[in-house]
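# Residue-level structure breakdown
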Amino acid sequence: MAPPPPSEQPDAAAPGAGAISRVLIVMAMEKEATPLVNKFKLVEAPASESILLRHQNELSKLYRLSAGVHSARFTTRFPKGAPWTRFYGCYKDLHLDLVMPGKDAVFGVDSVGTVSAALVTYASIQASKPDLIINAGTAGGFKAKGASIKDIFLASDVAFHDRRIPIPVFDMYGIGARKTFAAPNILKELNFKVGKLSTGDSLDMCSEDEEAILSNDATIKDMEGAAVAYVADMFSTPAIFVKAVTDIVDGDKPTAEEFLNNLISVTAALDVAVTKMVDFICGKRISDL
Ligand code: ADE
């Protein structure tokens, strides 16, 4: 039988077959992402430029030099008008895309929260078919569960805490609890803490949320993780959740104030953690993580 045309050949045809080659980093806030963009020397894709063309140009250059094959798996574009931002580049053996939901068109602030996170994750998976997703960001931590400011957590599980649907089975759908991709070797090598992550669309926490977070057995709380996990699972893409603690939810400081006071210093710790993780991932297969 004739071999498939180059555009249909899987990336396994490239040298280092099986090694992770495309990593998608999903972040919510520009302040969290900027140090990583600089560290990895990523370049911003112009808003009007299609992700399709940019990827194809890079890959055709790379693969022409190496194996003489050219992958044309990129069939979707970021639609015109979406505020999503994408930074991209090659770091060691990896192709990195770092995406954010961008600024809200009306208020000009970062589009934090589950809706924007799910949208940009969906569009990015369609556009670049990553081997691995890293959702990196800040989180609130529960001191009763052992969290402290600047801790770096890898989430073992994710769930929602503000989707209350008190009807049998819909209740479980609302909570949406799922295990994340297990990465025991990352944990062993990088010494992060492990805990369950609970996601909701508020920075603060009403009593109903608190009850649900307790029932989710969560150590950390964010505004994107479970939404990213939902989309990643939908397309069978392994996803890792790395979260840095900016505020202690069960402490005595007001959450918003503590979050803002610690954002810059904790972001520095997050960026060190993500860099170590990306360094560890280089040259590895998914099954090595
Ligand atoms: N991100 C940082 N701190 C948070 C908190 N307390 N709740 C939700 N997301 C957060």
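Residues numbered from 1 in each chain as written. Predicted model: local features only at pLDDT ≥ 70, side-chain atom pairs only at ≥ 80, totals over all residues. Heavy atoms only, no water.

## With respect to the nonpolar core
- With 37 residues, the main nonpolar core has Leu98, Ile134, Ile186, Met277 and Ile281 as its most contacted residues.
- The leading source of residues in this core is helix H8 (residues 255–281), at eight residues.
- In this structure, Val26, Ala155, Phe160 and Val245 belong to the second largest nonpolar core, which totals 28 residues. (Core = buried A, V, L, I, M, F, W, Y, C linked by side-chain atoms within 4.5 Å. Buried < 20%, exposed > 50% of the residue type's maximum accessible area, 1.4 Å probe, protein only. Helix = DSSP H or I, 4+ residues; strand = E, 2+ residues; numbered from the N terminus.)

## So, the site of the ligand
- Taken together, Thr138, Ala139, Gly140, Ser202, Leu203, Lys221, Asp222, Met223, Thr246, Asp247, Thr255 and Phe259 are the residues near the ligand.
- Measuring from a nitrogen atom of the ligand, one finds a backbone N or O atom of threonine 138 at 3.5 Å.
- Within the side chain of threonine 246, an N or O atom sits 3.4 Å from a nitrogen atom of the ligand.
- Looking at the shell around the ligand, the elements with two or more residues in it are strand S5 (132–141), strand S9 (220–222), strand S10 (239–248) and H8.
- Counting residues per element, the shell around the ligand draws most heavily on S5, which supplies three residues.
- Tallied by class, the residues present in the shell around the ligand amount to four nonpolar, five polar and three charged. (Near = heavy atom within 4 Å. Polar contact = N/O pair within 3.5 Å; in protein donor to acceptor, adjacent residues only side chain to side chain. Nonpolar A, V, L, I, M, F, W, Y, C, P; charged D, E, K, R; others polar.)

## Brief notes about the packing of aromatic side chains
- Evaluation of the coordinates by the stated rule reveals two aromatic pairs.
- With centroids separated by 4.6 Å and ring planes inclined at 65°, the aromatic side chains of phenylalanine 40 and tyrosine 91 adopt a geometry described as edge-to-face. Of this pair, phenylalanine 40 sits in the loop between helix H1 (30–39) and strand S2 (43–44) while tyrosine 91 sits in strand S3 (residues 85–91), and the two are 51 residues apart along the sequence.
- Judged by relative accessible area, phenylalanine 40 falls into the buried class, the value being 2%.
- When the centroid spacing of 5.7 Å and the interplanar angle of 45° are considered together, the rings of tyrosine 122 and phenylalanine 235 count as tilted. Note that tyrosine 122 is positioned in helix H3 (residues 114–128) and phenylalanine 235 in the loop between helix H7 (225–234) and S10, a separation of 113 residues in sequence.
- Relative accessible area serves as the criterion here: at 32%, phenylalanine 235 is assigned to the partly exposed category.
- If you follow arginine 163 out to its NZ or CZ, it ends over the ring of phenylalanine 160, 3.9 Å from the centre. (Phe/Tyr/Trp six-rings, centres within 6.5 Å; stacked < 30°, edge-to-face > 60°. Lys NZ or Arg CZ within 6 Å of the ring centre and 35° of its normal.)

## Notes on the pairing of strand S6 (residues 152–160)
- Among the nine residues in S6, eight count as buried, and that is most of the element.
- Where S6 and strand S7 (residues 178–179) come together, two bridges link them in antiparallel fashion. Counted as the bridge partner of aspartate 157 is lysine 179 from S7. (Pairing = 2+ DSSP bridges.)

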